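Structural overview
Residue strings, one per chain:
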Amino acid sequence: MKYKDKLTRIQKKNNSFVCVGLDSDLLKLPKFLLENRYPQFAFNKAIIDATHDFVCAYKPNSAFYEVQGEYGILQLKMTCDYLRDKYRQIPIILDVKRADIGESNDRYARFAFEYLGVDAITLHPYLGHEALEPFLKRADKGCYILCRTSNPGAGELQDLKIDGKPLYQLVAKRVATVWDKNRNCGLVVGATFPGELKTVRRIAPNLQLLIPGVGAQGGDLKKAVQYAANKSGDGFIISSSRGIIFASSGEDFAQKAKIEAEKLRNQINNVRKV
């Protein structure tokens, strides 16, 4: 099944546009979990079991696992395997922001899609279409291209003007009109820049938008939903990590995460009203 179809099905089933970021920082896990042989996996499993009815995707950030070396990569793999085995209807987006030359990207693509078995991945556009072809050619997988990111310093390069147009706008147009030949591309646009988000949706009316920056980063949820939604009221997912998975540091962490995931789902739907 193609990523977009899988995403659409779970969005309808769970009535949700929430993506839970599994940024499972070992330093922030509840202390009692550290006694577990695989604390990150134990944490992720509890979060997933508690929130699966309220989400449309999970997004593990590879950095929080890579820092643990092979021990962390194993737990990332265990997390992906668990999702595919028990909740195969929910897509996995690997947040790894890959950017390299073609042959290296071929190996990165195989690691993500064949070893981990994820459904989508985040990518840098800087090396161009040719370099990203190992990802883009996989028509059944989703490719989220960084466009206007949520970090405070994003404008240093992304707002640079070329022939009067900011670079992020040129990226959005290029992905929408040239790179999306397999209809598997999306864009990453931060909720912390609502004006730019609105512009990106105008430039790329048919692309799926992955929107970080709501919650701990202070993005405006109402504007993010209003500006990201396409004419059908969908075409986006809102990603939240810390605000959900670290809602509590106690033994009730999974229950608190469930409450926050349901709360965010309802807030998004209240804005959509479709």
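Just so it is clear, the structure is predicted and the values come from calculations on it, not from any experiment. (Residues numbered from 1 in each chain as written. Predicted model: local features only at pLDDT ≥ 70, side-chain atom pairs only at ≥ 80, totals over all residues. Heavy atoms only, no water.)

Observations concerning the overall build of the protein chain
Cut-off, in case you're wondering: Put simply, DSSP marks the helices as runs of H or I at least four residues long and the strands as runs of E at least two long, and each gets a number from the N terminus on. C-alpha atoms define the radius of gyration, and 2.2 Å times the number of residues to the power 0.38 defines the globule rule. Think of it in three bands: residues with accessible area under 20% of the maximum for their type are buried, residues over 50% are exposed, and the middle band is partly exposed, with areas taken using a 1.4 Å probe on protein chains only. The contact criterion used throughout is that any non-hydrogen atoms of two residues lie within 4.5 Å. The method behind every accessible area is Shrake-Rupley, applied with a 1.4 Å probe, and residues are considered shielded solely by the protein chains displayed. Under the convention used here, Asp and Glu are negative, Lys and Arg are positive, and both His and the chain ends fall outside the count. Where a charge lies is defined by one atom per residue type, namely NZ (Lys), CZ (Arg), CG (Asp) and CD (Glu).
Helices and strands together make up the secondary structure of the protein chain, namely 12 helices and 10 strands. Expected size for 274 residues packed as a compact globule is a radius of gyration near 19 Å; at 18 Å, the protein chain falls within 12% of this value. For the C-alpha atoms alone, the extent of the protein chain along its principal axes is close to 55 × 45 × 35 Å. For the protein chain, the residues scored as buried account for 55% of the 274 residues in total. Considering only residue pairs separated by 6 or more positions, the protein chain has 72% of its internal contacts joining residues 24 or more positions apart. Accessible area for the protein chain stands at about 12600 Å²; split by element, carbon and sulfur atoms hold 49% of it. On the protein chain, the mean spot of the 42 positive side-chain charges and the mean spot of the 30 negative ones are 7 Å from each other.

Section: empty space enclosed by the protein
Which entries qualify depends on this criterion: In the cavity and pocket records, a cavity denotes points on a 1 Å grid over the protein atoms alone where a 1.4 Å probe fits but cannot get out, a pocket denotes an open set with protein on both sides within 12 Å along at least 5 of 7 lines, and lining residues are residues with an atom within 4 Å of a point. Grid points are joined across faces, edges and corners, and a volume is the space filled by probe spheres set on the points. Three residue categories are used. Nonpolar comprises Ala, Val, Leu, Ile, Met, Phe, Trp, Tyr, Cys and Pro, charged comprises Asp, Glu, Lys and Arg, and polar comprises the others, including Gly.
Counted under the stated rule, the structure contains 1 cavity of 30 Å³ or more. The computed volume of the largest cavity comes to approximately 30 Å³. In terms of lining, the largest cavity is formed by Tyr3, Lys4, Gly142, Cys143, Tyr144, Asn184, Cys185, Gly186 and Gln208. Among the elements of the structure, α1 (3-14), β5 (142-148) and β8 (185-189) are those that each provide at least two residues to the lining of the largest cavity. Residue composition of the lining of the largest cavity, by class: 4 nonpolar, 4 polar and 1 charged.

Considerations on the nonpolar core
Just so we agree on the cut-off: Put simply, buried Ala, Val, Leu, Ile, Met, Phe, Trp, Tyr and Cys residues joined by side-chain atoms within 4.5 Å make one nonpolar core.
Counting residues in hydrophobic clusters, the biggest one holds 84 residues, and the most contacted among them are Leu187 and Phe236. Residues contacting leucine 187, with those up to four places away along its chain left out, are Tyr144, Ile145, Cys147, Ala172, Val175, Val200, Ala204, Leu207, Gln208, Leu209 and Leu210.

Section: the pairing of strand β2 (residues 57-60)
Condition: Two strands are said to pair when DSSP picks up at least two bridges between them. The definition of a right-handed crossover adopted here requires that, viewed with the strands pointing away, the path from the first strand over the helix to the second runs clockwise.
The alternating pattern of β2 places Ala57 and Lys59 and Tyr58 and Pro60 on opposite faces, both of which are buried. Judged from the 4 bridges that link them, strand β1 (residues 18-22) and β2 form a sheet pairing that is parallel. If you follow glycine 21 over to β2, its bridge partner there is lysine 59. The β-α-β motif built from β1, the intervening helix α2 (residues 39-51) and the parallel element β2 has right-handed crossover chirality.

Brief notes about the side chain of aspartate 23
Where we set the bar: Put simply, a salt bridge is a Lys or Arg side-chain nitrogen that is within 4 Å of an Asp or Glu carboxyl oxygen. Distance and chemistry together define a polar contact, namely a pair of N or O atoms within 3.5 Å, with one atom able to donate a hydrogen and the other to accept it when in protein, and with adjacent residues in sequence counting only for side-chain atoms on both sides.
Tracing the backbone shows aspartate 23 in the loop between β1 and α2. For the buried residue aspartate 23, which engages in no salt bridge, the nearest side chain bearing the opposite charge is lysine 59, 4.8 Å off. A polar contact of 3.2 Å, which involves the side chain of aspartate 23, links it to the side chain of serine 241. Discounting residues that sit within four places of it in the chain, aspartate 23 has contacts with Lys59, Asn61, Phe64, Ser241, Ile245 and Phe246.

Points about the pattern of salt bridges
Scanning all chains against the criterion turns up 11 salt bridges. In this structure, the salt-bridge partner of lysine 6 is aspartate 119, at a minimum N-O distance of 3.1 Å. Taken together, the residues lysine 6 in helix α1 and aspartate 119 in the loop between α5 (102-116) and β4 (120-123) connect sequence positions 113 residues apart. Accessibility classification places lysine 6 together with aspartate 119 in one group, the buried group. For the salt bridge of aspartate 106 with arginine 110, the shortest nitrogen-to-oxygen distance reads 3.7 Å. With aspartate 106 and arginine 110 both in helix α5 and 4 residues apart, the pair spans about one turn of that helix. Connected through salt bridges with shared partners, the residues Lys59, Asp95 and Lys97 form a single ionic network.

Description of the packing of helix α10 (residues 221-228) against helix α12 (residues 253-272)
Basically, it comes down to this: Orientation is described by lines fitted to C-alpha atoms, with helices fitted over the stretch in contact, and by angles between N-to-C directions that extend from 0 to 180 degrees. With respect to orientation, any angle under 35 degrees is reported as roughly parallel, any angle over 145 as roughly antiparallel, any angle of 65 to 115 as roughly perpendicular, and every other angle as oblique. Crossing handedness is defined as follows: a turn of the near helix away from the far one that is anticlockwise and smaller than a right angle gives a left-handed crossing, while the clockwise case is right-handed.
Between α10 and α12, the shortest axis-to-axis distance is 9 Å and the interhelical angle comes to 55 degrees. As judged from the angle between their axes, α10 and α12 are oblique. Note that α10 runs across α12; the crossing there is right-handed. Between α10, through Leu221, Lys222, Val225 and Gln226, and α12, the contact on the second element is made entirely by Leu264, Gln267, Ile268, Val271 and Arg272. Here the contact of α10 with α12 is composed, by residue class, of 5 nonpolar, 2 polar and 2 charged.

Regarding the packing of aromatic side chains
What counts here: Here a pair means two rings of Phe, Tyr or Trp (six-membered ring of Trp) with centres within 6.5 Å. Their orientation is stacked below 30 degrees between planes, edge-to-face above 60, and tilted elsewhere. Each ring is checked for a lysine NZ or an arginine CZ that lies within 6 Å of its centre and within 35 degrees of its normal; such an atom marks a charge sitting over the ring.
Evaluation of the coordinates by the stated rule reveals 10 aromatic pairs. Ring plane angle 75 degrees and centroid distance 6.1 Å describe the contact between tyrosine 82 and tyrosine 87, whose orientation is recorded as edge-to-face. In textbook terms, an aromatic cluster arises when at least three aromatic residues are bridged by ring pairs, as seen for Phe32, Phe43, Phe246 and Phe253. Positioned over the ring face of tyrosine 168 is arginine 148, at 5.9 Å from the centre of the ring. Just above the ring of phenylalanine 193 sits the side chain of arginine 148; from NZ or CZ to the centre is 3.9 Å.

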